[in-house]
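The chain contents come next:
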Amino acid sequence: MTKQASDNARELQGMLAVSQYNQLALGELAHADRVKIFDTTLRDGEQAPGIALSSDDKVRIALALDDLGVDIMEAGFAASSDTERQTLKRIMAERPRATVCSLARSVKSDVDAVIDTGADLIHTFIATSDLHMKYKLKMSPEDVKARAVDAIEYARAHGLQVQFSCEDATRTDLGFMKEMFKAAEEAGASSVNIPDTVGVIVPQGMKYIVGELHKELKVPIAVHCHNDMGLAVANTLAAVEAGAEICHVTMNGIGERTGNAALEEVAVNLFANYGVETVDLRKIGTTSALIERITGFPLSHNKPIIGRNAFAHESGIHVHGVMGNSLTYEPFKPEMVGVDRRLVIGKHSGAHSVKGRMEELGIGFPEDHMEELMAAIKEIAIGGKEIDDAELVAIADHVLWKKEIKTQHATLDSMVVFTGKDVTSTCTVTITLNGEERTVAKTGVGPVDAALRAICTAVNENISLEQYKLDAVTGGSDSICEATVMVKNVQDDGHLSVGKAVGLDVVRTSVDAMMAAINRDYARQK
Ligand code: KIV
Ligand code: ZN
């Protein structure tokens, strides 16, 4: 390890707070410096239903994975199409630091397709479980072995390094699997892979298989774990504990069905719990985000390491703890993997969190208005909405703005809006103005226009709407909007009064802003 690398590792170690019992239970990993990341985002990852990458997309992802520091990248399946072959060639032309690999069935034409791309490594496979041999391949075990060996020898004769997989290995007879892998080794494979093709093994089972094969083989063992039963990462780590050296993974865990072992989870665990350094952990956040964007495959919010909520804290107790020392409620600091912490203001937030956030934002909010601010936050956060910084500022502003108007001359009692396609929007409002109830219905070009006209008429024909502005404070369809309304008292001195409101409903918020402006106008007259 270079000095720079070890300094980096020491710095990252300082960001960790995993359980001390892991080290006690696991001890030192004898082959820690030989563990490699074999990334198959561009092959198994792309096979995920719903993902289809263009050639440009693939080159971009390959460069990002190379920059992240994967050791091997399975960049495609050369025989699948001409475009796939051209893409592999384009990736090879970029001369990545990582070894570039293509998948191939154990047939000559597939091997030829890989030879054509100039890839460094071929990953040949054939199914070896009784289930697959009988129902899919309709071949005898002897023929399966002969075909695997022929393909490996042919690839070796054309200068390719070979990794060989027994597809559905975890449901394959152990004696036959040993026979297959030994034959592959003799034919020239430089590594063999154990795919848990449908994610059916448990960590102890994986340890058993790897341990058994380790006794028989000289070449490094790889594992390729699918996540059908939620154990892909645990199985990969168990395999490494038993001596496996190559971890097949995909970024964001994408892959067939429920996906493959996630690169980010395997790499972080290897570092945090086994002391194994693989990729540049600090680049995980940006690489994951790039791949999420390009694939269009959304990450679940609770995805470990990189999900939106992985380092988000909302409840008062947790935020308080995190503000004291982030490791109280985090296994490691988010900067270790290049993502941000989010202290979320929402339904579960306490005044402490809100005050802390406001201070961080440089907003000195008066203590005696805090109760009202908390009530406004809770009202808006009903239904699980998170309030971000911009929204918090808008709400705080609104609370203070409202406070300036001491007496409510006009109050909105009810409002009914009728709108739709090919109908004229109509709004009926009932307001109480200085103790007198008034109901008015008006039409408009849209529901907001109808509502504001109805209020203007109900209050005073001499109030005219001078300006109206509506801003979505944030992006989503449930974002908070901020309405600003300016009214003019045309009968009186032509004075202008402004009202603001924030809320989730555009019509309601616009009406609230209008009422605030009207109250401001009345307050000025008194
Ligand atoms: O899951 C699997 O078995 C595979 C093989 C092609 C190795 O992806
Ligand atoms: Zn797979």
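Just so you know, these numbers come straight off a predicted model, no measurement behind them.

1. Considerations on the pairing of strand E3 (residues 99-105)
- Burial within E3 is extensive, with 5 of its 7 residues counted as buried.
- Where strand E2 (residues 72-76) lies against E3, 4 bridges are found, and the strand directions are parallel. Bridging across to E3, Gly 76 finds its partner in Ser 102.
- You can see the chain leave E2, run along helix H5 (residues 82-93) and come back into E3, and the turn it takes is right-handed.
- Where E3 and strand E4 (residues 121-127) come together, 5 bridges link them in parallel fashion.

2. Focus on the nonpolar core
- Core analysis: the largest hydrophobic core is formed by 100 residues, its most contacted members being Phe 164 and Leu 270.
- It is helix H12 (residues 263-274) that provides the largest number of residues to this core, a total of 8 residues.
- Counting the residues that make up this core, at least three belong to each of domain 1 (34-295) and domain 2 (312-402).
- Grouped together as the second largest cluster of nonpolar side chains are 28 residues, Cys 456, Met 514, Ala 517 and Ile 518 included.

3. Thoughts on the domain arrangement of the protein
- According to the domain assignment, the protein consists of domain 1 (34-295), domain 2 (312-402) and domain 3 (410-523).
- Here the C-alpha centre of domain 3 lies 30 Å away from the C-alpha centre of domain 2.
- Across the boundary between the two partners, domain 2 contributes 9 residues, which contact 13 residues of domain 3.
- With both chains or domains summed, domain 2 and domain 3 bury close to 1,100 Å², and 69% of this area falls on carbon and sulfur atoms.
- Connecting domain 2 to domain 3 are 0 salt bridges.
- Counting the contacts that link domain 2 with domain 3 gives 0 residue pairs in polar contact (both at pLDDT 80 or more).
- Sort the elements by how many residues they give to the side of domain 2 that touches domain 3 and helix H17 (residues 389-403) lands first, with 6 residues.

4. Some points on the site of ligand 1
- Around ligand 1, the surrounding shell consists of Arg 43, Asp 44, Leu 103, His 123, Phe 125, Ser 165, Glu 167, Pro 195, Thr 197, His 224 and His 226.
- The side chain of Thr 197 places a nitrogen or oxygen atom 2.7 Å from an oxygen atom of ligand 1.
- Contacts to ligand 1 include His 226, whose side-chain N or O atom sits 3.0 Å from an oxygen atom.
- Burial of ligand 1 by the protein amounts to 94% of the accessible area it has alone, namely 260 Å².

5. So, the sheet that holds strand E16 (residues 496-503)
- Strand order in the open sheet formed by 3 strands is E14-E15-E16, and the pairing between neighbours is antiparallel. The sheet terminates laterally at strand E14 (463-472) and E16, the two strands that pair on one side only. Shown here is a sheet whose adjacent strand axes are inclined to one another by a mean of 15°, direction ignored.
- By the bridge criterion, 9 bridges tie E14 to strand E15 (residues 481-489) in an arrangement that is antiparallel. Residue pairing in the sheet places Gln 467 in a bridge with Met 486 of E15.

6. Here's the deal with the packing of aromatic side chains
- The full count for this structure, using the stated rule, is 2 aromatic pairs.
- Judged by centre distance (6.1 Å) and plane angle (80°), the rings of Phe 164 and Phe 181 are edge-to-face. Here Phe 164 is found in strand E5 (residues 161-167), whereas its partner Phe 181 is found in helix H9 (residues 174-187), with 17 residues between them in sequence.
- For Phe 164, a relative accessible area of 0% puts it in the buried group.
- The exposure class of Phe 181 is buried, given its relative accessible area of 0%.
- Between Phe 311 and Phe 332, the aromatic rings sit 5.4 Å apart at their centres with planes inclined by 65°, giving edge-to-face as the arrangement. Of the two residues, Phe 311 sits in the loop between helix H13 (284-295) and strand E9 (312-313) while Phe 332 sits in the loop between helix H14 (316-324) and strand E10 (342-343), which places them 21 residues apart along the sequence. The two residues Phe 311 and Phe 332 agree in class, both being buried.

7. Notes on the sheet that holds strand E1 (residues 36-39)
- With respect to topology, 8 strands assemble into a closed barrel ordered E1-E2-E3-E4-E5-E6-E7-E8, the strand pairing being parallel. Across this sheet, the average inter-strand angle for adjacent strands is 25°, counted without regard to direction.
- Taken strand by strand, helix H10 (residues 203-216) contacts strand E6 (191-196) and strand E7 (221-225), and its axis lies near 155° from that of E7.

8. Considering unusual backbone geometry
- Here the phi dihedral of Arg 95 falls at roughly 45°; this positive angle occurs in a residue that is not glycine.
- Along the polypeptide, Arg 95 turns up in the loop between H5 and E3.
- Taking the relative accessible area as the measure of exposure, Arg 95 reaches 71% and is therefore exposed.
- Located in the positive-phi region is Asn 434, a residue other than glycine, with phi close to 45°.
- Here Asn 434 shows up in the loop between strand E12 (425-433) and strand E13 (436-444).

9. A word on the pattern of salt bridges
- In this structure the tally under the stated criterion is 37 salt bridges.
- A salt bridge links Arg 10 to Asp 7; the shortest N-O distance between them is 2.9 Å. Taken together, the residues Arg 10 and Asp 7, both in helix H1 (residues 3-13) and 3 residues apart, mark about one turn of the helix.
- Measuring nitrogen to oxygen at the nearest pair gives 3.1 Å for the salt bridge that ties Asp 449 to Arg 453. Taken together, the residues Asp 449 and Arg 453, both in helix H18 (residues 447-459) and 4 residues apart, mark about one turn of the helix.
- For Asp 449, a relative accessible area of 24% gives the class partly exposed.
- Connected via shared salt-bridge partners are Lys 178, Lys 182, Glu 212, Lys 215 and Glu 216.

About the criteria used
- Residues numbered from 1 in each chain as written.
- Chains lettered and ligands numbered in written order.
- Predicted model: local features only at pLDDT ≥ 70, side-chain atom pairs only at ≥ 80, totals over all residues.
- Heavy atoms only, no water.
- Buried < 20%, exposed > 50% of the residue type's maximum accessible area, 1.4 Å probe, protein only.
- Helix = DSSP H or I, 4+ residues; strand = E, 2+ residues; numbered from the N terminus.
- Pairing = 2+ DSSP bridges.
- Right-handed = clockwise from strand over helix to strand, strands pointing away.
- Core = buried A, V, L, I, M, F, W, Y, C linked by side-chain atoms within 4.5 Å.
- Domains from an automatic or database assignment.
- Contact = heavy atoms within 4.5 Å.
- Buried area = accessible area lost by both parts, 1.4 Å probe.
- Salt bridge = Lys/Arg side-chain N within 4 Å of Asp/Glu carboxyl O.
- Polar contact = N/O pair within 3.5 Å; in protein donor to acceptor, adjacent residues only side chain to side chain.
- Near = heavy atom within 4 Å.
- Areas by Shrake-Rupley, 256 points an atom, 1.4 Å probe, with all protein chains shown as cover.
- Axes fitted to C-alpha atoms, helices over the stretch in contact; angles between N-to-C directions.
- Phe/Tyr/Trp six-rings, centres within 6.5 Å; stacked < 30°, edge-to-face > 60°.

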